[in-house]
Amino acid sequence: MTTLIEAPPSDADGLLPTKKKKSGGGLGQYILIRFLLIFPTIFILVTMVFFLMRITGDPITAAMGGRLPPEQLQQRIHDAGYDRPLPVQYFEYLGQLVTGNFGTTLSDNRQVTEMLATYGSATLELTINALIVALLVGIPFGMIAAHRRDHLPDAVLRVFAILCYATPVFFAGLLLKLTFAVWLGWLPVAGRAKTSSELALTGLQAPTGIYWLDALRSGNMAALGDVMAHAVLPAVALGLLTAGIFLRLVRTNLIGTLGRDYIEAGRSRGVSEFRLVTKHAYKPALIPIITVMGLQIAVMLGGAVLTEKTFEWKGLGFQLANYLTARDFVAVQGIVVLLAVIVAITNFIVDIVAALIDPRVRY
Amino acid sequence: MSTIPPVEAAVHRKAPLLKRLPVISHFNKSVGLQRGMLVVGLVLTGTFLLTAIFAPLLAPYGFAQLSDADGSFPTQQAPGGKHLLGTTVGGYDVLSRVIWGSQTAILVILVAVVLSIFAGVILGLVSGYLGGWLDRILVVVADAIYAFPSLLVAIVMAIVISGGESSLLGGVLAAAISITVVFIPQYFRVIRAETIRLKAEPFVESAKVVGASSIRIMGRHIYRNATRTLPLIFTLNASEAILTLAGLGFLGFGIEPSSAAEWGFDLNKALADTTSGIWWTGVFPGLAIVWTVLGLTLVGESINDLNDPRLRGRKRAGNKGGPDSTAAAQAAISADVRSS
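These numbers come from a predicted model, not from an experiment. (Residues numbered from 1 in each chain as written. Chains lettered and ligands numbered in written order. Predicted model: local features only at pLDDT ≥ 70, side-chain atom pairs only at ≥ 80, totals over all residues.)

Visitor: Any chance you could explain the overall build of chain B here in plain terms?
Guide: Counting its secondary structure elements, chain B contains 16 helices and 2 strands. Counting across all 340 residues of chain B, residues that qualify as buried make up 56%. Across chain B, the fraction of contacts at a sequence separation of at least 24, relative to all contacts at a separation of at least 6, is 71%. (Helix = DSSP H or I, 4+ residues; strand = E, 2+ residues; numbered from the N terminus. Buried ≥ 20, exposed ≤ 12 C-beta atoms within 10 Å, placed from the backbone. Contact = placed C-beta atoms within 7 Å.)

Visitor: What should I look at first to understand the overall build of chain A in this one?
Guide: Within chain A, the secondary structure is distributed over 15 helices and 0 strands. The buried share of chain A, reckoned over its 363 residues, is 44%. Taking contacts inside chain A between residues at least 6 apart in sequence as the whole, the part at least 24 apart equals 74%.

Visitor: Hey, could you run me through the confidence of the model for chain A in this one?
Guide: A low pLDDT score tells you not to read the predicted coordinates there in detail. Residue and element names in this part refer to chain A. Per-residue pLDDT for chain A averages 76, and the proportion of residues at 70 or more is 85%. Helix α1 (residues 17-20) is the least confidently modelled element of chain A, averaging 42 in pLDDT, while helix α7 (residues 152-166) averages 85, the highest of any element. Segment residues 1-24: pLDDT under 50, and 55 contacts once partners within four positions in sequence are set aside and those in other chains are kept. (pLDDT = per-residue confidence, 0-100.)

Visitor: Mind showing me how you'd approach unusual backbone geometry here?
Guide: A negative phi angle characterises most non-glycine residues, just as the trans form characterises most peptide bonds. All names here are of chain A. With a phi close to 45°, E312 is a non-glycine residue in the positive phi region. Take E312: it is sitting in the loop between α13 (273-311) and α14 (316-325). Its 14 C-beta neighbours within 10 Å are what place E312 among the partly exposed residues.

Visitor: Which parts of the structure should I look at to understand the environment of A147 of chain B?
Guide: Checked against the element boundaries, A147 of chain B lands in helix α7 (residues 132-147). Accessibility expressed as a C-beta count within 10 Å gives 21 for A147 of chain B, which makes it buried. A C-alpha to C-alpha distance of 9.9 Å links A147 of chain B and P185 of chain B, two positions 38 residues apart in sequence. Apart from the residues lying within four places of it in its own chain, the contact partners of A147 of chain B are T41, A298, V343 and N347 of chain A.

Visitor: Sorry if this is basic, but what is going on with the packing of helix α6 (residues 112-147) of chain A against α7 of chain A here?
Guide: Helix-helix packing is characterised by the crossing angle of the two axes and by the distance between the axes. All names here are of chain A. Between α6 and α7, whose axes approach to 7 Å, the crossing angle comes to 135°. As the angle between them shows, α6 and α7 are arranged oblique. Helix-helix and strand crossings are classified by hand; for α6 and α7 the assignment is left-handed. Each of F141, I144 and A145 in α6 lies in contact with α7, whose residues at this interface are P153, D154, L157 and R158. Residue composition of the contact of α6 with α7, by class: 5 nonpolar, no polar and 2 charged. (Axes fitted to C-alpha atoms, helices over the stretch in contact; angles between N-to-C directions. Parallel < 35°, antiparallel > 145°, perpendicular 65-115°, else oblique. Left-handed = near helix turned anticlockwise from the far one by under 90°. Nonpolar A, V, L, I, M, F, W, Y, C, P; charged D, E, K, R; others polar.)

Visitor: When you look at α14 of chain A in this model, what are you seeing that I'm missing?
Guide: Residue and element names in this part refer to chain A. When you tally the buried positions in α14, you get 8 out of 10 residues, the bulk of the element. Turning to α14, its buried residues number three or more, namely L316, G317, F318, Q319, L320, A321, Y323 and L324. The positive-phi residue at the C-terminal boundary of α14 is R327, with phi of around 60°.

Visitor: I would appreciate a short explanation of helix α11 (residues 221-258) of chain A in the present structure.
Guide: Each α-helix turn comprises 3.6 residues. Residues three or four places apart therefore point the same way. Taking 1.5 Å per residue as the helical rise, α11 of chain A with its 38 residues ought to reach 56 Å, whereas the 44 Å between its terminal C-alpha atoms falls clearly short. Along α11 of chain A, the helix axis deviates most sharply at L240 of chain A, where the bend reaches about 35°. (Expected span 1.5 Å × (residues − 1). Bend = angle between axes of the 7 residues up to and from the residue.)

Visitor: Just to check I follow, could you spell out the confidence of the model for chain B for this structure?
Guide: Residues and elements named next belong to chain B. The share of residues in chain B with pLDDT of 70 or more is 71%, and the mean pLDDT across the chain is 73. For the stretch residues 7-12, pLDDT sits under 50, and the model shows 2 contacts to residues farther than four places along the chain or on other chains. In the model, residues 313-340 has pLDDT below 50 throughout and makes 79 contacts with residues more than four positions away in sequence or in other chains. Scored by ipTM, the complex comes to 0.77, with pTM at 0.78.

Visitor: So what exactly am I meant to see when it comes to the packing of α11 of chain A against α13 of chain A here?
Guide: Residues and elements named next belong to chain A. For the pair α11 and α13, the least separation of the axes is 7 Å and the interaxial angle reads 155°. Considering their axes alone, α11 and α13 lie roughly antiparallel with respect to each other. For the pair α11 and α13, the sense of crossing is right-handed.

Visitor: Whenever I open this one, the environment of E273 of chain A confuses me. Can you help?
Guide: Structurally, the position occupied by E273 of chain A is in helix α13. Spatially, the C-alpha atom of E273 of chain A lies 9.7 Å from that of I263 of chain A, the residues being 10 residues apart in sequence.

Given below as structure tokens:
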């Protein structure tokens, strides 16, 4: 009753059979049902994206229209099979997806899945870095705000949190770039690494694609420093967006827990205020963060698209922005579906982690 | 700590109409820092609205104007002189584009939020009241869209509606409808949960006994009661609509500079300027976005806190932060779902 923000109501609609018989079902059943729910979610999104993108016409006309003579255009549409009835195309598309074929891009003729392998790790790295920034900023500041509630630090931090939300990532990125890269010259303007370190890192055996990890593994300290310097600004730009949300979440929940009886009991025994906040109260306050983190992954992926474009960070989002400009909708559809799969799987993992930590979630 | 003050419903009954208007009643209920936040929010939002309304009078030049009687505008000129906020690489006047941009933003917000309330409320009422397989399908679809990054949904919709091309009014409509699709699930969830709760109320049952049709019960008895939380979601979503519009514009789905001014699109163009130290083309449209979103968020959050007796009660004793806006809507939704 004290947590003001409850777990996301993803299964609160009474759709899950487990919900009905409240006593039954263990963790195993919960995980199984959650796992099975991934498929309808992905299926619905894939279906919607497919039909929506086809309502307006075929991708070849969108990409090449006006640049090719009509007969040639017709020929290419016919060759690609886009003149067949929609249901036929749809089932063929589904069949391809099941076998892991997300399509071939029109503009540069690449496999979408191959693109994931090349650029996915960059997006993953950016998201991890941003998440670290968000946690490093959000949790301690949230604790301070809750501890100094209604005093100056609290007011300042609350305004900071709202500003974090109100600033679009790309504007935050632009300001950071202007200040730290252009004017102060402390950090590089854009990209993931210098060409030299990029070459050194991609030349490694079985690279993970996460540059700092690769640099650490190969012991290449020069490259590590370079990669870190490049990573700071994008991570901060994307991380601050989420940091504001974490800050307020920690604050609200901590205030809730700080009012509980066991805290009062600790205080009466002479436990220091600092220790109460950092040891006693913060653990129960962290549970909602994990569930919200799941929702934030989706927000972060959306934000990653914008951040990558701002900093020319060559990840999936950067590619997506490029393909959007090139009007290559096969590639766009492929990346969107791919991201849908990633989001569905992350939500599944977060649900499981939340259930492991807090038994109340799984009824 | 868990004593919840009783809901002060009686206060609303007899107050004169003026005092019952949403924002005014909230203002009267607020104290201290809470009132400060509401006032700052109202001032920011007010300036935004006024700028949008009086844009033709305020802007020194047209949004697509490249020259005046003295000849063509200089390109990438620093702020000062004839161009207070400088000019862009294409020779547009930055100040004029920032001012005209507010008009685009407000158009998109209005169309987007009205459309999504309309669709979300109808779907929520039907889904919640009729139940059955239709309800299940709608819930699963809404959940699927809700879990997906909203920017990507908006991108897909923008492609569907305009094929990525952006014309005059078409661009505004495309952006608005893209944002609508993102928001429908939120309204849908809230209204559906309320409807399910209200369906069991005695007054609905008596209406049934009297022989009222389903449509009449939904449209008259439930609708009125289920839509009370909407003003809150409206303000929260208005700020999100601006961010989504700017995000689309930044990715190049904005409205062409010759058809209308759009902040996100201008930021996209300004990105290349930053490396050469030209800051005014990006900073001012960006600040306009922050200004507007901040104003709307502050108003929305204040209303949210003041609507919640638990949060408001605490304010009396001091101050208390509301959950962040997305989480606030989330909490509002989950509260509604739980109460069903």
